[in-house]
Amino acid sequence: MRISLKKRTVLISITALLILGGAWLSQSRAPDFWGYGKLAVTDGTPDSPIYYLEVRGVGAQPTIARLVRFADHSATPKNALAVSHRVSSEFDAFTQNSDRWNRQFILMAGRTIDEKILIPIDTSLARTLFDRQGSPFGNYQSFEKLWAEHVASHLPAQN
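Thresholds, definitions, all that
- Residues numbered from 1 in each chain as written.
- Predicted model: local features only at pLDDT ≥ 70, side-chain atom pairs only at ≥ 80, totals over all residues.
- Heavy atoms only, no water.
- Buried < 20%, exposed > 50% of the residue type's maximum accessible area, 1.4 Å probe, protein only.
- Helix = DSSP H or I, 4+ residues; strand = E, 2+ residues; numbered from the N terminus.
- Pairing = 2+ DSSP bridges.
- Axes fitted to C-alpha atoms, helices over the stretch in contact; angles between N-to-C directions.

A. Main features of the pairing of strand β2 (residues 50-58). Judged by how many residues are buried, β2 sits mostly within the fold: nine of nine residues are covered. What you see with β2 is no split at all: I50, Y52, E54, R56 and V58 on one side and Y51, L53, V55 and G57 on the other are buried throughout. Where β2 lies against strand β3 (residues 61-70), nine bridges are found, and the strand directions are antiparallel. Bridging across to β3, V55 finds its partner in A65. Where β2 folds back on β3, the antiparallel hairpin that results is connected by two residues, among which G59 adopts a positive phi of roughly 65 degrees.

B. Highlighting the sheet that holds strand β5 (residues 117-122). If you trace the five strands from one edge of the open sheet to the other, you get β1-β2-β3-β4-β5, paired in mixed fashion. Each edge of the sheet is formed by a strand with only one pairing partner; in this case those strands are β1 (33-41) and β5. Across the sheet, the axes of successive neighbouring strands diverge by a mean angle of 15 degrees, strand direction being ignored. Here β1 pairs with β2 via seven bridges, running antiparallel.

Have a look at this one:
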């Protein structure tokens, strides 16, 4: 049985539209994206480092986190949301439908708003460290441990 040129063209057009629609859908923001943040966590003394953490994920999977460790209170921005606003495009890129199948987690660390050191972390470790509830980061010591174990060795020396 032969398919006419007109029917073949229609089938190819429909198939192309379905493929384009699927590609567009996978690049749109996932309907079940989530996030949490812990802003200005310190040990209570004026000279202590201050941590800012923002985590985003899709479904049960954390996909990206931003961790900034400021040296002291004078190094922090006046507006606490400036930390997350500086990386909003990265957050948007990591909360798409396609991230549901992504096996990569990125920890974006720094000591200033502008410093962005990308540290890939295994998915299973990321689920342990950055679960959806954010409960592992209830105190200052948990931030110090995260910084020492997963970030400090990746940072270049400060001038």
